[in-house]
Amino acid sequence: MEKEILTGWVIGDEGVLTAEELARACRADVSWIAELTEVGVLDPEGKEQSGWRFCATDLTVARRAARLQQDFSVSTEAVAVMLDLLAEIERLRDRLKRAGLDPNE
Amino acid sequence: MEFKDYYTILGVERTATADDIKGAYRKLARKYHPDVSKEAGAEARFKEIGEAYEVLKDPEKRAAYDQLGTGWRAGQEFTPPPDWAAGFEFAPGRFSTADAAEFSDFFSSLFGNFTRQADVHHSHGEDRHAKIVIPLEDAFHGATRTITLRAPRLDSEGRVVLRDHTLSVRIPKGIRDSQLIRLAGQGAPGSGGASSGDLYLEVHFDPHSVYRVEGHDLSLTLPIAPWEAALGATVKAPTPTGVVEVKIPAGSQSGQKLRLKGRGIPGEPSGDLYLVLDVVVPAADTERAQQLYRTMAQELAFNPRRTLGV
């Protein structure tokens, strides 16, 4: 039997996911998504919560926030700080790599 | 399957208190959490730690686990005893079937049949997440890739068992690193007639030997000879879609970039390809070559350290 080839939707920089979809993908409540948006961890397109649309980075960041919050039992504000620092470290490591240096040295 | 010694994994005594266990877990989580750790193999280690904590933090699960006795060694071949966990009633934990997919066969065989959520409810299946690593070339030509996921299924007796689940997925031309492919209905099955969840595939490129990727732009280091840099030249350069000829302007230096518009990852608009020039000095390994260098030294009056004032 010929195996079916699945075709999906590509999610990139444009906001496409609703708050409900993002919450479900993180196994969290919409109120938690709203909290992350309020502290600036997530940056949806759209003004009202019902019109919010999230991009691929938002989903990756939200899932990371969910893991950190669950595994370290910290507040949303603390997770926001952790994420900021982690993002900064990643940015610097990328710059090192692009400059041909080993970030693990 | 292999026996797992959850006490050793967390580095605590069998007599440890709930607080000891929590403390040990927190310390290890900080060290091995895949989101913050740089340790090699952190992800696998953290899974093991999470699984051990899942069992030892729960008094019921811990008691049932302790009942297996102290005769087992980590890695020893193990089958759950027939009367396993008789008299225990495990509350469904915070983890779900999606978490269960992360746990070991050992864990699933002991606690798997208790992880099932009450399936009389009408509830939407959970979304799942996976990473797929593809060659950069797929972004230029599109491709079909297969991916194997460990997915929890219910066996005929209602136990959760982990089975490999292979999917063929179309990778569209123009895909970029860190984008997601959302496959509707490929997540966990729903219960009570509700729809299945979705599967989100996070796309990453294999590190490429020639090209570096940044968004939809690519860059590569293009070695050139000193005379090509000085006099200008037309040289060949590789691109993901074939070799092209590029004009090196006279007076070029190492580190300068040439932009080949639209030669990056295809899309609306396509990315660009940057050629980073790298002037390579030929070896003076023959008498003739040494002579040429001496002639340049005599006739060019060149001081590369002029800007340093020396």
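Thresholds, definitions, all that
- Residues numbered from 1 in each chain as written.
- Chains lettered and ligands numbered in written order.
- Predicted model: local features only at pLDDT ≥ 70, side-chain atom pairs only at ≥ 80, totals over all residues.
- Axes fitted to C-alpha atoms, helices over the stretch in contact; angles between N-to-C directions.
- Helix = DSSP H or I, 4+ residues; strand = E, 2+ residues; numbered from the N terminus.
- Parallel < 35°, antiparallel > 145°, perpendicular 65-115°, else oblique.
- Left-handed = near helix turned anticlockwise from the far one by under 90°.
- Contact = placed C-beta atoms within 7 Å.
- Nonpolar A, V, L, I, M, F, W, Y, C, P; charged D, E, K, R; others polar.
- Core = buried A, V, L, I, M, F, W, Y, C linked by C-beta atoms within 7 Å.
- Buried ≥ 20, exposed ≤ 12 C-beta atoms within 10 Å, placed from the backbone.
- Expected span 1.5 Å × (residues − 1).
- Pairing = 2+ DSSP bridges.

### Let's talk about the packing of helix H3 (residues 56-72) of chain A against helix H4 (residues 76-98) of chain A
All names here are of chain A.
Piece 1. For the pair H3 and H4, interaxial distance at closest approach is 10 Å and the crossing angle is 120 degrees. If you check the angle between H3 and H4, you find them oblique. Like other packed secondary-structure pairs, H3 and H4 cross with a definite hand, here right-handed. Counting all contacts with H3, which are made through Val 61, Arg 64, Ala 65, Leu 68 and Gln 69, the residues of H4 involved are Val 79, Met 82 and Leu 83.
Piece 2. A class-by-class count of the residues in the contact of H3 with H4 yields six nonpolar, one polar and one charged.

### With respect to the nonpolar core
Piece 1. A:Leu22, A:Phe54, A:Leu59, A:Ala62, A:Ala65, B:Leu180 and B:Leu201 are the most contacted members of the largest nonpolar core, which has 34 residues in total.
Piece 2. Per element, the largest residue contribution to this core is five residues, and it comes from H3(A).
Piece 3. Leave out the neighbours within four places in its chain, and A:Phe54 touches A:Gly15, A:Leu17, A:Leu22, A:Leu42, A:Pro44 and A:Leu59.
Piece 4. By size, the runner-up hydrophobic cluster in this structure holds 17 residues, among which are B:Tyr6, B:Ala52, B:Tyr53 and B:Val55.

### Quick notes on helix H3 (residues 42-56) of chain B
Residue and element names in this part refer to chain B.
Piece 1. In this model, H3 (15 residues) spans 21 Å end to end at C-alpha, consistent with the 21 Å of a helix rising 1.5 Å per residue.
Piece 2. Restricting attention to buried positions, one finds in H3 the residues Phe 46, Ile 49, Gly 50, Glu 51, Ala 52, Tyr 53, Glu 54, Val 55 and Leu 56.
Piece 3. Looking at the buried residues of H3, the elements they touch are helix H1 (6-10), helix H2 (18-32), helix H4 (59-66) and helix H6 (105-111).

### Some details on the sheet that holds strand E5 (residues 199-205) of chain B
Piece 1. Here four strands make up an open sheet; going across it, the order is E2(A)-E4(B)-E5(B)-E1(B) and the pairing mixed. The open sheet has two edge strands with one neighbour each: strand E2 (9-11) of chain A together with strand E1 (128-134) of chain B. Neighbour-to-neighbour, the strand axes of this sheet turn through a mean angle of 30 degrees, independent of strand direction.
Piece 2. Two elements, E1(B) and E5(B), share seven bridges in a ladder whose sense is parallel. Following the sheet pairing, B:Arg128 is matched in E5(B) by B:Leu199.

### Topic: the environment of B:Glu77
Piece 1. Within the fold, B:Glu77 resides in the loop between H4 and helix H5 (97-100).
Piece 2. The class of B:Glu77 is exposed, set by 8 C-beta atoms lying within 10 Å.

### Notes on the sheet that holds strand E10 (residues 257-260) of chain B
Residues and elements named next belong to chain B.
Piece 1. Taken in spatial order, the four strands make up an open sheet running E6-E7-E11-E10, and their pairing is mixed. The outermost strands of the open sheet, each flanked by one partner alone, are strand E6 (212-214) and E10. Strand-to-strand twist in this sheet, taken as the mean axis angle between neighbours without regard to direction, amounts to 30 degrees.
Piece 2. Inspection of the sheet shows E10 paired to strand E11 (residues 273-279) by four bridges, in the antiparallel sense. Note on E11: the bridge partner recorded for Leu 260 is Leu 273.

### Overview of the interface of chain B and chain A
Piece 1. At the junction of the two partners, chain B supplies 27 residues and chain A supplies 25 residues.
Piece 2. At the level of elements, strand E3 (160-171), strand E4 (180-183) and E5 of chain B are the ones that each hand at least two residues to the side of chain B that touches chain A.
Piece 3. Here the residues of the side of chain B that touches chain A sort into 10 nonpolar, eight polar and nine charged.
Piece 4. Here E2(A) runs beside E4(B); their pairing, made up of three bridges, is antiparallel. Among the inter-strand pairings, A:Ile11 is bridged to a residue of E4(B), identified as B:Leu180.

### Here's the deal with the environment of B:Glu60
Residues and elements named next belong to chain B.
Piece 1. Secondary-structure assignment places Glu 60 in helix H4.
Piece 2. By the C-beta count within 10 Å, which is 16 here, Glu 60 ends up partly exposed.
Piece 3. Remark: the alpha-carbon pair of Glu 60 and Lys 27, spanning 33 residues in sequence, is separated by 24 Å.

### Looking at the packing of H2(B) against H3(B)
The description of two packed helices rests on the angle between their axes and on the distance between the axes.
All names here are of chain B.
Piece 1. One can describe the packing of H2 onto H3 by two numbers: an axis separation of 10 Å at closest approach and a directional angle of 165 degrees. Taken together, H2 and H3 sit at an angle that is classed as roughly antiparallel. Once H2 is placed against H3, the crossing between them reads as left-handed. Residues Ile 21, Tyr 25, Leu 28, Ala 29 and Tyr 32 of H2 form the contact with H3, whose own contacting residues are Ala 42, Arg 45, Phe 46, Ile 49, Tyr 53 and Leu 56.
Piece 2. The residue inventory of the contact of H2 with H3, partitioned by class, reads 10 nonpolar, no polar and one charged.

### Structural notes on the pairing of strand E7 (residues 217-224) of chain B
A regular strand places its side chains so that they alternate between the two faces of the sheet.
Residue and element names in this part refer to chain B.
Piece 1. Pairing of E6 with E7 involves three bridges; the strand directions are antiparallel. For Glu 214, the partnering residue across the bridge sits in E7 and is Asp 217.
Piece 2. In this structure, the hairpin formed by E6 and E7 is closed by a connection of two residues, where Gly 215 is found at a positive phi of approximately 65 degrees.
Piece 3. As paired strands, E7 and E11 are joined by seven bridges and run parallel to one another. Looking at E11, one finds that Thr 221 is bridged to Val 276.

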